[in-house]
Amino acid sequence: MDLHDVPYLSIAQLSGLIKSKEISSLEATEAYLERISRVDGVLNSYITVTYDEARQSAKQADKSIAEGHYHGPLHGIPIAVKHQFLTKGVRTTAGSNISWEFIPEEDAVVVEKLKDAKAVLLGKLNLSEFALGESFSHPGGTPRNPWDLSRNPGISSSGSAAATSAFLCGSALAEDTGGSTRIPAAWCGLAGLRPTWGRVSRRGVIPVCWSMDTVGPVARTVEDCAITFQAIAGHDPIDPYSWDIPVPDYRDGLSGGISKLRIGVLREKVALGGLEPDTLEAMTVAIEQLRSSGAVVKEVSIPSVEGAGVASKCITDMDGGYLHHERLKTRAEEYDHNSRVRLITGILTPAQSYIKAQKLRAIVRNDILEALNEVDVLILPTSPGPAPKIPEKAGIISQEDAQSRISGVRNFTGAFNLAGLPALSLPCGFTSENLPLSIQIAGRPMEEELLLRVGHTYQQATDWHLRRPPEPVS
């Protein structure tokens, strides 16, 4: 095999070749590093590329295999993580000038787990400042969508999605508070999983909102998503919000099909706002494909989800304002304009708004769980349409832009982070401009295995996930 083709392999394919020693981890790592050097100057998906550390890790991975110690399907696989996760001896900037030179003395738990799985860390990925989303200024360069360089690759895990979509890593870790794994995955044509709140330790992750932050994988296939998720899921006794329950074999759970599985299609998908015709058509076709695979499809109604986007943003901004209020007193001018406005607005929002948002949150969670007594999973779009254009200036541009920032795409993702439930985004079609469209599959607490099985079954019958974006050129 030509080593230049290695980055185009799935993790599932590459792991078999590394295990059998047909390709070394070092060869795979060099192929990815060469591609990063060649094309990421256009995409700005990475802030930090750890060339020397990656090569050393790859050599150790190869040595371990040569000695008969194989640690599973991530062994020797080149991956990357969001610049929000602590990495010992490597900068963790959170995408902000304020913490641009911060070098942690320890790894985040999820980074430790990737190292235990013998994955190779290629570097750390770009993001919206402090993972808030909607930043205009990016100290590491404006991240761009591989499918259209004029478009946004997603908020806030922009680099995680752009790098994975452009074959600059095998998979990546992202973080989802109000949609920041699912939205970038949707806009870049990837599978992105927001796990159940508490399924993955957040120790060592720079926080946004304590009650909704969740670490999850983005990958080019659902199978690769399952492989990556397997490595990071599980209890952390030091994280008080981490659930102490067994972790299933997610990859093994992909098989079995979805015969007689009850799928609920959310009736409110149009009322959530701004749903574009292409998205509705693609979702309708995707639902029929799932029906053809044996699922039983029925319509369900959860009216309370229509307020989920606003409630999600209110809680996030007020929690974020609390986290940053001391620094805002003395260093406000160092924040991105949009981040500063969001955080100060969060600080000034009356407490009764927070209380109302939390009350709505409880209603949304109860309503979704009640619906999930009648069906096994819920399906709706991840985003009302494809990736939008990158803003040309900071601040609110129009009334439509203001409304979008208040709710917008969060209307489609917000219900599940409010409820602490798992949700999987995966591509289901393309617009006439060759931009990815996506569906979202959500389920009961700790039932990621089921969501991944539904997604994998769908991908076995379709080829949307096999399409490649254009080669990035400056």
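If you're wondering where the values come from, they're calculated on a predicted model, not measured in any experiment.

S.K.: It is not clear to me how the environment of C169 should be interpreted in this structure. Could you clarify?
M.R.: Tracing the backbone through its elements, the reader meets C169 in the loop between helix 5 (158-165) and strand 4 (171-176). In this structure the C-alpha to C-alpha distance between C169 and L122, which are 47 residues apart in sequence, comes to 7.4 Å. In this view, C169 contacts Y32, Y46, P78, I79, A80, L122, A163, T164 and R220; residues no more than four positions away in its chain are not counted.

S.K.: Please explain the state of the cysteines as it appears in this structure.
M.R.: By definition, a disulfide is the covalent link that joins the sulfur atoms of two cysteine residues. Enumeration according to the criterion identifies zero disulfides in this entry. Between C209, a cysteine without a disulfide, and C314, which holds the nearest cysteine sulfur, the sulfur-to-sulfur distance is 10 Å.

S.K.: What is the right way to read the pattern of salt bridges from this model?
M.R.: Two side chains with opposite charge may pair up if their charged atoms get near one another. Summed over all chains, the structure comprises 24 salt bridges. Residues R194 and D176 are paired through a salt bridge, measuring 3.1 Å at the closest nitrogen-oxygen approach. Here R194, found in strand 5 (residues 191-194), pairs with D176, found in strand 4; they are 18 residues apart in sequence, far enough to count as distant. Residues R194 and D176 agree in their burial class; the two are buried. Salt-bridge contacts for R267 lead to E299; the nearest nitrogen and oxygen are separated by 2.9 Å. Of this pair, R267 sits in the loop between strand 7 (262-266) and helix 8 (277-292) while E299 is found in strand 8 (residues 296-300), placing the two residues 32 residues apart along the sequence. Take R267: its relative accessible area is 46%, and that puts it in the partly exposed class. Residue classification places E299 among the partly exposed positions, given a relative accessible area of 47%.

S.K.: Explanation requested: the nonpolar core in the structure shown.
M.R.: It is characteristic of soluble globular proteins that their nonpolar side chains tend to be buried jointly. With 102 residues, the main nonpolar core has L14, Y46, L74, F85, V110, L114 and L452 as its most contacted residues. Excluding anything up to four places from it in sequence, V110 contacts F85, L173, V200, S201, V215 and I232.

S.K.: I would appreciate a short explanation of helix 5 in the present structure.
M.R.: Note on helix geometry: an α-helix contains 3.6 residues per turn, so any two residues three or four positions apart are oriented the same way. Within helix 5, eight of the eight residues are buried, leaving the element largely enclosed by the surrounding structure. Residues S158, G159, S160, A161, A162, A163, T164 and S165 constitute the buried set of helix 5. Backbone geometry just downstream of helix 5 places F167 in the positive-phi region, at approximately 65°.

S.K.: Before we go on, may I ask you to explain the sheet that holds strand 3 (residues 120-125) in this structure?
M.R.: Each strand in a sheet pairs with its neighbour through backbone hydrogen bonds, running either in the same direction (parallel) or in the opposite one (antiparallel). If you trace the 11 strands from one edge of the open sheet to the other, you get 1-3-2-4-6-5-10-11-9-7-8, paired in mixed fashion. Each of the sheet's edge strands pairs with one partner strand only, and the pair in question is strand 1 (46-49) and strand 8. For this sheet the average axis-to-axis angle between neighbouring strands, irrespective of direction, equals 30°. Sheet topology note: the strand 10 (residues 423-430)/strand 11 (residues 436-442) ladder contains seven bridges and is antiparallel.

S.K.: Looking at this structure, I do not really get helix 1 (residues 11-19). What am I missing?
M.R.: Within helix 1 the residues assigned to the buried category are I11, A12, L14, S15, L17 and I18. Residues of helix 1 that are buried in the fold lie against helix 2 (25-43), helix 3 (51-66), strand 2 (78-82), strand 4 and helix 7 (222-232). Of the residues trailing helix 1, K21 is marked for its positive phi of about 70°.

S.K.: Which parts of the structure should I look at to understand the packing of aromatic side chains?
M.R.: Each pair of aromatic rings is reported with the distance of its centres and the angle of its planes. Under the criterion given, the structure shown has eight aromatic pairs. Ring centres of F229 and Y250 lie 4.7 Å apart, and the angle between their planes is 40°; this geometry places the pair in the tilted category. Residue F229 is found in helix 7, and its partner Y250 is found in the loop between helix 7 and strand 7; the two are separated by 21 residues along the sequence. The class for F229 is buried, based on a relative accessible area of 0%.

Calculation rules
Residues numbered from 1 in each chain as written. Predicted model: local features only at pLDDT ≥ 70, side-chain atom pairs only at ≥ 80, totals over all residues. Heavy atoms only, no water. Helix = DSSP H or I, 4+ residues; strand = E, 2+ residues; numbered from the N terminus. Contact = heavy atoms within 4.5 Å. Disulfide = S-S within 2.5 Å. Salt bridge = Lys/Arg side-chain N within 4 Å of Asp/Glu carboxyl O. Buried < 20%, exposed > 50% of the residue type's maximum accessible area, 1.4 Å probe, protein only. Core = buried A, V, L, I, M, F, W, Y, C linked by side-chain atoms within 4.5 Å. Pairing = 2+ DSSP bridges. Axes fitted to C-alpha atoms, helices over the stretch in contact; angles between N-to-C directions. Phe/Tyr/Trp six-rings, centres within 6.5 Å; stacked < 30°, edge-to-face > 60°.

What is shown is where atoms sit, not what they do.
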